[in-house]
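# Overview (structure and organization)
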Amino acid sequence: MTDNATTLNRCYCGCQTTVGYGRTFAPGHDKIAEAAFLAAHHHGSVAELLKSQGYGPDNPVTDAAVKAGAWKQCEHCAYKGAPESIRNHMAKVQKAESNQRETLEKSLRALGGTWDPSRGMQTLRDAGFHPSEKYIREVYRRLADDGLLEKIDENRAIYFVTEQ
């Protein structure tokens, strides 16, 4: 019979390393235990583990994590992750959107003239971004609200640069 007090302060991977209060693994040993478990029960394959639990392309484990409340889905896209991952993802999205808007605004000021969504999309593609037409229309509306653009066609998203 194992002494419970002794078991509770040793690493769960089986290496016998003493761990601190409230810990179950020595640093990095959780990954060792995970790899050993996969090797012993699922041929070393995460896919086999997921399949054994009923998950796969048509039943994603990421959806189950969101449904269980352990993960979240981004409000703006299909990205799913732990709350901290969502915060990091959103920070990257916001930075990219800010960079795109600044790039587009600089081009508008430098080139002037008439702009439709396809011209804005091409400008940002040339700068290495991958914008959607919806995003370009949204930026144009904001820039019109700020006074940089004036909408010149009521039925289409065509704007003229008013200041350079």
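A brief report on the enclosed structure follows. (Residues numbered from 1 in each chain as written. Predicted model: local features only at pLDDT ≥ 70, side-chain atom pairs only at ≥ 80, totals over all residues. Heavy atoms only, no water.)

For the rest of this paragraph, the subject is the packing of aromatic side chains. Counted according to the given criterion, the structure contains 2 aromatic pairs. With centroids separated by 6.1 Å and ring planes inclined at 65°, the aromatic side chains of Tyr 12 and Phe 25 adopt a geometry described as edge-to-face. Taken as a pair, Tyr 12 in the loop between helix 1 (4–8) and helix 2 (29–41) and Phe 25 in the loop between helix 1 and helix 2 lie far apart in primary sequence, 13 residues in all. Tyr 12 sits in the partly exposed class, given a relative accessible area of 49%. When the ring centre of Trp 115 is taken as origin, the NZ or CZ atom of Arg 119, which lies over that ring, is 3.8 Å away. (Phe/Tyr/Trp six-rings, centres within 6.5 Å; stacked < 30°, edge-to-face > 60°. Helix = DSSP H or I, 4+ residues; strand = E, 2+ residues; numbered from the N terminus. Buried < 20%, exposed > 50% of the residue type's maximum accessible area, 1.4 Å probe, protein only. Lys NZ or Arg CZ within 6 Å of the ring centre and 35° of its normal.)

Attention now moves to the sheet that holds strand 5 (residues 158–161). Taken together, the 3 strands give an open sheet; going across it, the order is 3-5-4, and neighbouring strands pair in antiparallel fashion. The sheet is open, and its two borders are formed by strand 3 (114–115) and strand 4 (149–153), each paired with just one other strand. Where strand 3 lies against strand 5, 2 bridges are found, and the strand directions are antiparallel. Pairing of Trp 115 across the sheet is with Tyr 159, part of strand 5. (Pairing = 2+ DSSP bridges.)

Now for the environment of Lys 72. Relative to the assigned elements, Lys 72 resides in strand 1 (residues 72–73). For the pair Lys 72 and Phe 160, spaced 88 residues apart in the sequence, the C-alpha separation amounts to 40 Å. Setting aside residues no more than four positions away along its own chain, Lys 72 makes contact with Val 66, Tyr 79, Lys 80, Gly 81, Pro 83 and Ile 86. (Contact = heavy atoms within 4.5 Å.)

Here we take up the pairing of strand 4. Bridge count for strand 4 against strand 5 is 4 bridges, and the pairing is antiparallel. The residue of strand 5 that forms the bridge with Glu 150 is Phe 160. The turn joining strand 4 and strand 5, which pair antiparallel and follow one another in sequence, is formed by 4 residues.

Further remarks concern the environment of Leu 149. Looking at where Leu 149 falls in the secondary structure, it is placed in strand 4. If near-sequence neighbours (up to four positions away) are discounted, Leu 149 is found in contact with Leu 108, Tyr 140, Leu 143, Ala 144, Tyr 159, Phe 160, Val 161 and Thr 162.

As a further point, take the packing of helix 5 (residues 83–111) against helix 7 (residues 133–145). Packing of helix 5 against helix 7 brings their axes to within 11 Å, and their N-to-C directions diverge by 65°. Crossing hand, helix 5 versus helix 7: right-handed. Along its contact with helix 5, which presents Glu 97, Gln 100, Arg 101, Leu 104, Glu 105 and Leu 108, the element helix 7 presents Tyr 135, Ile 136, Val 139, Tyr 140, Arg 142 and Leu 143. The residue inventory of the contact of helix 5 with helix 7, partitioned by class, reads 7 nonpolar, 1 polar and 4 charged. (Axes fitted to C-alpha atoms, helices over the stretch in contact; angles between N-to-C directions. Left-handed = near helix turned anticlockwise from the far one by under 90°. Nonpolar A, V, L, I, M, F, W, Y, C, P; charged D, E, K, R; others polar.)

Unlike most non-glycine residues, Gln 16 shows phi in positive territory, near 75°. Looking at the secondary structure, you find Gln 16 in the loop between helix 1 and helix 2. For His 43, which is not glycine, the phi dihedral falls at a positive 55°. Tracing the backbone shows His 43 in the loop between helix 2 and helix 3 (46–52).

For helix 2, which comprises 13 residues, the first-to-last C-alpha distance of 18 Å matches the rise-based estimate of 18 Å (1.5 Å per residue) to within 8%. Just past helix 2, the residue His 43 takes up positive phi, approximately 55°. (Expected span 1.5 Å × (residues − 1).)

In this structure, Leu 104, Leu 108, Ile 136, Tyr 140 and Leu 149 are the most contacted members of the largest nonpolar core, which totals 16 residues. Looking at this core element by element, the count peaks at 5 residues for helix 7. Aside from chain neighbours lying at most four places away, what touches Tyr 140 is Leu 104, Trp 115, Asp 116, Pro 117, Arg 119, Gly 120, Leu 149 and Tyr 159. (Core = buried A, V, L, I, M, F, W, Y, C linked by side-chain atoms within 4.5 Å.)

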